[in-house]
Amino acid sequence: MKPTRTPSVARVLAATGVLAASLWLSACEKADAAAAPAPAASTAPVPVVKLIESRTTQATPSEEVTGSLYPAQALQVGFEVGGRLESVLVKKGQLVKKGQVIATLNPEISDAQVAQAEAAVAAAEAGAAMAEDVAGRNAKLQEQGGVSDLQNRTAATTSQQAKAQLLAAQAQLAQARAARRRHELKAPFAGTVIDAPDQTGATVAPGVPLFTLEALDTLILKTTVAQSARANLKPGSKVRVEAIGGSSSTDAAVVSVILPSADPATRRIPVEIAVPNSEGRFVAHTLARAVLSMGEQQDMQVLPSSALSSANGDHVFVVAPSGQAHRVDVQVIERRAQEVVVKAATALNKVIDYPTAGVQDGTQVSVK
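Residues numbered from 1 in each chain as written. Predicted model: local features only at pLDDT ≥ 70, side-chain atom pairs only at ≥ 80, totals over all residues. Heavy atoms only, no water.

J.: Would you mind going over the overall build of the chain with me for this structure?
T.: Per the secondary structure count, the chain includes three helices and 20 strands. Here the chain holds 368 residues, and the buried ones make up 30% of them. Long-range contacts, defined as pairs at least 24 residues apart, comprise 74% of the intrachain contacts of the chain with a sequence gap of at least 6. Of the roughly 23200 Å² of accessible surface on the chain, 54% is carried by carbon and sulfur atoms. (Helix = DSSP H or I, 4+ residues; strand = E, 2+ residues; numbered from the N terminus. Buried < 20%, exposed > 50% of the residue type's maximum accessible area, 1.4 Å probe, protein only. Contact = heavy atoms within 4.5 Å. Areas by Shrake-Rupley, 256 points an atom, 1.4 Å probe, with all protein chains shown as cover.)

J.: Would you take a moment to explain the sheet that holds strand 18 (residues 339-344) for this structure?
T.: Two modes of strand pairing occur in sheets, parallel and antiparallel, and in both the strands are linked by backbone hydrogen bonds. What the five strands build is an open sheet, ordered 2-15-18-17-16; its pairing is antiparallel. Of all the strands in the sheet, just strand 2 (55-59) and strand 16 (315-319) have a single pairing partner and so form its edges. The sheet shows a mean angle of 50° between the axes of neighbouring strands, taken without regard to direction. Both strand 15 (residues 298-304) and strand 18 contribute to a ladder of four bridges, which runs antiparallel. If you follow Q301 over to strand 18, its bridge partner there is V342. (Pairing = 2+ DSSP bridges. Axes fitted to C-alpha atoms, helices over the stretch in contact; angles between N-to-C directions.)

J.: I keep staring at the environment of R181 and nothing clicks. Help me out?
T.: Tracing the sequence through the fold places R181 in helix 3 (residues 149-181). Measuring from C-alpha to C-alpha, the distance between R181 and S110 comes to 9.2 Å, with 71 residues separating the pair along the chain.

J.: Hey, could you run me through the pairing of strand 3 (residues 62-77) in this one?
T.: Successive side chains on a regular strand alternate, one facing one side of the sheet and the next facing the other. Pairing geometry for strand 3 and strand 14 (residues 287-293), over seven bridges, is antiparallel. Each bridged residue has a counterpart across the sheet, and for E64 the counterpart in strand 14 is V291. Relative to strand 10 (residues 211-225), strand 3 runs antiparallel, the two sharing nine bridges. Bridge assignment links A74 to a residue of strand 10, and that residue is E214.

J.: So what exactly am I meant to see when it comes to the environment of Q151 here?
T.: In this structure, Q151 sits in helix 3. Residues Q151 and A139 lie twelve residues apart in sequence; the distance between their C-alpha atoms is 9.2 Å.

J.: Explain the pattern of salt bridges to me, please; I cannot follow it from the model alone.
T.: Overall, the coordinates contain 16 salt bridges when judged by the stated rule. Salt-bridge contacts for R335 lead to D314; the nearest nitrogen and oxygen are separated by 3.8 Å. One end of the pair, R335, is in strand 17 (residues 325-335); the other, D314, is in the loop between strand 15 and strand 16, and 21 residues separate them in sequence. Given a relative accessible area of 54%, R335 falls into the exposed group. One continuous salt-bridge network, built from bridges that share partners, spans E64, R240, E242, D251 and R289. (Salt bridge = Lys/Arg side-chain N within 4 Å of Asp/Glu carboxyl O.)

J.: Can you walk me through the nonpolar core in this structure?
T.: Nonpolar side chains tend to gather and get buried jointly when the protein is soluble and globular. Counting 23 residues, the largest nonpolar core has V241, I273, V275 and L292 as its most contacted members. Those elements that place two or more of their residues in this core are strand 3, strand 10, strand 11 (238-243), strand 12 (249-258), strand 13 (269-276) and strand 14. Among the elements that line this core, the one with the most residues is strand 13, at four residues. What V241 contacts, discounting residues up to four positions off in sequence, is L221, S248, S249, T250, A253, I273, V275, F282, A288, R289 and A290. Within the second largest apolar cluster, 19 residues are counted, among which are F79, V193, L213 and A215. (Core = buried A, V, L, I, M, F, W, Y, C linked by side-chain atoms within 4.5 Å.)

J.: Got a minute to help me understand helix 3 in this structure?
T.: The periodicity of an α-helix, 3.6 residues per turn, causes residues three or four places apart in sequence to face the same way. Helix length check: helix 3 (33 residues) gives 48 Å between terminal C-alpha atoms against 48 Å at 1.5 Å per residue, within 8%. Those residues of helix 3 lying buried are N152, A155, S159, A162, L166, A169, L173, A176 and A178. Where helix 3 is buried, its residues meet helix 2 (108-144). (Expected span 1.5 Å × (residues − 1).)

J.: Where do I start with the sheet that holds strand 9 (residues 203-204) in this structure?
T.: With respect to topology, four strands assemble into an open sheet ordered 7-6-4-9, the strand pairing being antiparallel. Each edge of the open sheet is held by one strand with a lone partner, namely strand 7 (184-186) and strand 9. Sheet topology note: the strand 6 (residues 101-105)/strand 7 ladder contains three bridges and is antiparallel. Looking across to strand 7, one finds that T104 is bridged to E184.

J.: When you look at the side chain of S309 in this model, what are you seeing that I'm missing?
T.: By the element assignment, S309 lies in the loop between strand 15 and strand 16. In this structure S309 comes out as buried when scored by relative accessible area, which is 15%. If sequence neighbours within four positions are ignored, S309 has contacts with D314, H315, F317 and P355.

J.: I would appreciate a short explanation of unusual backbone geometry in the present structure.
T.: Negative phi values dominate among residues other than glycine, just as trans dominates among peptide bonds. For R267, which is not glycine, the phi torsion reads 60° and is therefore positive. With respect to the element layout, R267 can be found in the loop between strand 12 and strand 13. What makes R267 exposed here is its relative accessible area of 58%. Backbone geometry at N312 places phi at a positive 60°, although glycine is not the residue there. Position of N312 among the secondary structure elements: in the loop between strand 15 and strand 16.

J.: How should I be thinking about the layout of surface pockets in this particular structure?
T.: Gaps left between atoms are located by rolling a probe of water-molecule size over the structure's atoms. If you add up the space inside the largest pocket, you get close to 770 Å³. Lining the largest pocket are 26 residues, and of these T60, S62, V291, L292 and I333 lie nearest its centre. Elements represented by at least two residues in the lining of the largest pocket include exactly strand 3, strand 11, strand 14 and strand 17. Residue contributions to the lining of the largest pocket peak at five residues, all from strand 17. Its residues assigned to classes, the lining of the largest pocket comprises nine nonpolar, seven polar and ten charged. (1 Å grid on protein atoms, 1.4 Å probe; cavity = no way out; pocket = protein on both sides within 12 Å on 5 of 7 lines; lining within 4 Å. Points joined across faces, edges and corners; volume = space filled by probe spheres on them. Nonpolar A, V, L, I, M, F, W, Y, C, P; charged D, E, K, R; others polar.)

What follows is the structure, encoded as structure tokens:
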């Protein structure tokens, strides 16, 4: 039988101290929780906005497209015959007329060929005349019985051969003269010389391009439109064209071609617009934008440019009677210096001017 041990006084006192400390800490935590204040309600400021009135105007729905400006005519020109380049009579940037001589080849060999062909024609003419005279005399003698029928037919055949030889000589002469004329290179149309040889003396081959000629009085803006817009376009309708990166513009451009076949890559309809450029304000091979008319005149809204937002699509904000801002999507018809002409599904009486990032659809706002 084991002896019973009595707990020492020190152990009893230690256990009692731990229990008392735990009770004190629990009481402090409850007191702190009771004394802590409730979370404050949100005090975010309500955005203050300014409303501005819009006005109604008559405008035509339009679509803005971009494209490249090309010369109405452009051609690389070279000699049809070969030879040594004798002279270049124009410079880069020079205006030339249709049929103007712009360069020549050395004509020495060509002149000799023409002279040889002329001599051959003269000889053939003499031979043909002699043969015709003999044939005529034999025909009379044959009637009188002086020559046989065989001799008469032989003389007539010889005369026909001489005439054929004359025709061949004349054809050779015409060919030689044509080759001689092709030693002068003429402008096929009126335009501007874009590229030209810098020096003479080189031997050129037939058909090798030496000059680049462009007609810049009228430029062609080549662009594309959506298939849905094709029905609203008509050849001959006026178009406004503006140079991208420049200040040139015109309202006299005309739709010239609407192709009935879509571009296989983009599925859009190719359109060509003739842009008058007699004053040289537009530059060929640069970009331009065109504003295409897409129907009849309609009621549109004119707003300050500061009221238009373009993030995630063009839109404006209106304020409902409840004080909430509501987004209204719009279609921009025309952009002016400080205003925009827009089309909206609903009438826009007043809109928020200078909407900030804090103004969203459904935001509670205060109108000042």
